[in-house]
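Coordinate analysis (summary)
Spelled out, the chains give:
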Amino acid sequence: MSKDLVFDYSHALGFMTKEELMAMEPAAAAAREKLVKKSGAGNDFVGWVDLPAEIDMEEYGRIKKAAAKIRSDSEYLVVIGIGGSYLGARAAIEFLCHSFYTLMGGTKILFAGNSVSTKYLADLLDVIGDSDFSVNVISKSGTTTEPAIAFRLFKEKMEQKYGREGAAKRIYATTDKKRGALKALADEEGYETYVVPDDIGGRYSVLTAVGLLPIAAAGCDTDALIEGFREMRELCMRESFVNNPAMLYAAARNVLYNKGKSVEVLANYEPSVHYIAEWWKQLYGESEGKDGKGIFPASIDLTTDLHSMGQYLQDGQRILLETVIEVGDTGREIICKEASVDTDGLNYLAGKNMDFVNKAAMNGTILAHVAGGVPVLKVSIKDNSAKTLGELFYFFEFACGVSGYILDVNPFNQPGVESYKKNMFALLGKPGYEELRASLMAAING
C-alpha cells in the first residue's frame, strides 16, 4: 500500500458489506487486465497507463528549458486550451502554488480558450496590457472552436507587440506530431512544438507535454510529480485487489452505484483542491457517462458549501455517495490564540492549530452525512507536495479505467461531446451545415 495515499471505505460499510466489495474482485481484476494488456474497448487511447515508464526525456528536457525561458522573459504565460488541455495543469498549479500566487512575484499562469465569453477574454487582455507574455496553445487539431478563437486574439496581440518573428519565439504549440492546422502553422512560423500523444486522450494527458509545460512554467517540481505518478503506477501494477487503492475505489463506487447511488460528490476541505475536483469531474463524466450509464460526478468545497448545499447533502434525495479528499500536512500553520474578552466564545480553541479545526469539521461532517444516509469514501493524501499529487493523478486515472470497464462502457471515447459541436457550427453558419441550421432555427423560432 502507498504511504502517501490511503483509500478508506469504512464509512460506506453501512451501505454495502465488505463481502459485497470483495465479490467485485473478479470484475476489477478483469478490468485491470484489459488496461494493462490494452485489450479492452478504446485500447488505442491507453498510452497513459505506461506513461511514467515511457516519458520522452528529450522532449521533457526541452519542456524544462522552455519553462525556464518563460520564467525569465514573461510576466504571464497564457495557456490556451479546453477540457483536458488545461484542467490537469490548472489543477496542479492551484494545488502546488501559493493560494495567491498570481498576486505575488514570478510568472503568472493565466488560462484562455476554455470558454467563448467575450467579457472573460477582454478582461484577460486588459490584465496583460503591455506586460511581457508568452503563449502555450494546446490543441491536437488546431480547429477546436474555443481555443482557436482565443489563439487568434493572443497571436494578434503578440505580433503587434513583438513583431511576427519575435512572437514566434514566445509561442509554444502543443499539438499533433505530424498533422493538423496548428501543427502546420507551427512549422510555418517556427514555433517550438510539443506532442499531444496519439494514444492518450485529453483527460488523461496531465503528465504529457499538455500539462508539464504550464506546470513547469509555474515553477512546480515536475520531476517529483512524475516520480509520484510512476510510484502509483508500480503499485497499481503490483498489488493485489485488497492492497490496491485504485481497484478498491473503482469497485466500491460500482457497488454503491448498483445500489442506487447515481451521483458522486467529490468533497474537499482545502481550496487548493478545487481544480483537482474540476479535473476529476471531466475524467469520470466523460469516461463513464455513456450508453445510458454512469455515476454523475459533482463536487463541493467544504466547509464553504455546507452553508449552501449542506441541507440537500444531509436531507435531500438519497442518491448520493460522497468521496472526501483529505490533505494531511498543508505545510502551513496558524495557532488559535486566546482573546482577553471571549466575545465569540472561541477561547476553548486557544493553542490549537487551525488545521485541527478543519479536520474536526471534516470528521464531524462525515459522521453526519453517514447518519443521514450518504455513504462516504475517503482518499487521504500525505501532503500537498508534487510527488503526492502525481500519485493522486495516477490513482484517479487508473481507477477510472477500471471502473469504466466494470461498468461495461468504453472509458476512452466521448461520442456525446460531438452533438453540441454540430449544433453550434450550424448556428454559427459554418459552411456545410446549412440543412442542420435550417432545422435548428425552425426549432428555436417555434
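Residues numbered from 1 in each chain as written. Predicted model: local features only at pLDDT ≥ 70, side-chain atom pairs only at ≥ 80, totals over all residues. Heavy atoms only, no water.

**With respect to the sheet that holds strand 3 (residues 108–112)**
- If you trace the five strands from one edge of the open sheet to the other, you get 3-2-4-5-6, paired in parallel fashion. Of all strands in the sheet, those bounded by a partner on one side alone are strand 3 and strand 6 (192–195). Here the average twist between neighbouring strands, direction ignored, is 20°.
- The sheet contacts of helix 4 (residues 57–73) involve strand 2 (76–80), strand 4 (133–138), strand 5 (171–175) and strand 6, and relative to strand 6 the element is tilted by about 135°.
- Packed onto the sheet, helix 6 (residues 118–128) meets strand 2, strand 3 and strand 4 and runs at close to 155° relative to strand 3. (Pairing = 2+ DSSP bridges. Helix = DSSP H or I, 4+ residues; strand = E, 2+ residues; numbered from the N terminus. Axes fitted to C-alpha atoms, helices over the stretch in contact; angles between N-to-C directions. Contact = heavy atoms within 4.5 Å.)

**Thoughts on helix 5 (residues 87–96)**
- The buried fraction of helix 5 amounts to eight of the ten residues, a majority that puts the element mostly inside the structure.
- Taken residue by residue, helix 5 has L87, G88, A89, R90, A91, A92, I93 and F95 as its buried positions.
- For helix 5, the secondary structure elements touched by its buried residues are strand 3, helix 9 (209–217), helix 12 (274–288), strand 9 (320–329), strand 10 (376–383) and helix 15 (386–406). (Buried < 20%, exposed > 50% of the residue type's maximum accessible area, 1.4 Å probe, protein only.)

**Here we look at the side chain of K261**
- Secondary-structure assignment places K261 in the loop between helix 11 (245–258) and strand 7 (263–268).
- This buried residue, K261, is left without a salt bridge; E322 holds the nearest opposite charge, at 11 Å.
- At 3.0 Å, the side chain of K261 and the backbone oxygen of R318 are in polar contact.
- Not counting residues up to four positions away in its chain, the partners in contact with K261 are L256, I295, R318, I319, L320, L321, G373 and P375. (Lys, Arg positive; Asp, Glu negative; His and termini not counted. Salt bridge = Lys/Arg side-chain N within 4 Å of Asp/Glu carboxyl O. Polar contact = N/O pair within 3.5 Å; in protein donor to acceptor, adjacent residues only side chain to side chain.)

**Considerations on the pattern of salt bridges**
- Taken as a whole and assessed by the stated rule, the structure comprises 29 salt bridges.
- Across the pair K119 and D123 runs a salt bridge whose closest N-O atoms are separated by 2.7 Å. Of this pair, K119 and D123 both sit in helix 6, four residues apart, roughly one helical turn.
- For K119, a relative accessible area of 60% translates into the label exposed.
- With its nearest N and O atoms 3.9 Å apart, the salt bridge here joins R179 to D176.
- A residue is classified by how much of its surface remains accessible, and R179, at 54% relative accessible area, is exposed.
- Judged by its relative accessible area of 5%, D176 is buried.

**Some thoughts on the sheet that holds strand 1 (residues 5–8)**
- The five strands lie next to each other as 1-10-9-7-8, forming an open sheet whose pairing is mixed. Sheet topology places strand 1 and strand 8 (296–301) at the edges, where each strand pairs with a single neighbour. Pairwise comparison of adjacent strand axes, ignoring direction, gives a mean angle of 20° for this sheet.
- In this structure, strand 9 lies alongside strand 10, joined through seven bridges in parallel fashion. Within the sheet, the bridge partner assigned to V327 lies in strand 10 and is I381.

**Things to note about the packing of aromatic side chains**
- Summed over all chains, the structure comprises 21 aromatic pairs.
- With centroids separated by 6.3 Å and ring planes inclined at 50°, the aromatic side chains of W48 and F412 adopt a geometry described as tilted. With W48 in the loop between helix 2 (25–37) and helix 3 (51–54) and F412 in the loop between helix 15 and helix 16 (417–428), the pair connects residues that are 364 residues apart, well separated along the chain. In terms of burial, W48 and F412 fall into one category: buried. (Phe/Tyr/Trp six-rings, centres within 6.5 Å; stacked < 30°, edge-to-face > 60°.)

**Notes on the nonpolar core**
- In terms of nonpolar packing, the biggest core is built from 97 residues, with W48, F393 and F396 touching the most fellow members.
- Examining the composition of this core, we find that 13 residues originate from one element, helix 15, more than from any other.
- Not counting residues up to four positions away in its chain, the partners in contact with F393 are G88, A91, A92, V206, L207, L225, F229 and W279.
- Core analysis: the next-biggest nonpolar cluster, separate from the first, contains 22 residues, Y76, F133, A168 and Y191 among them. (Core = buried A, V, L, I, M, F, W, Y, C linked by side-chain atoms within 4.5 Å.)

**Structural notes on the packing of helix 5 against helix 15**
- Look at helix 5 against helix 15: their axes get within 11 Å of each other, and the N-to-C directions meet at 145°. Remark: the crossing between helix 5 and helix 15 carries right-handed chirality. Contacts between helix 5 and helix 15 pair G88, A91, A92, F95 and L96 from the former with A386, L389 and F393 from the latter.
- Looking at the contact of helix 5 with helix 15 residue by residue, the class counts come to seven nonpolar, one polar and no charged. (Left-handed = near helix turned anticlockwise from the far one by under 90°. Nonpolar A, V, L, I, M, F, W, Y, C, P; charged D, E, K, R; others polar.)

Fair warning: the whole summary comes from geometry, so function is off the table for now.
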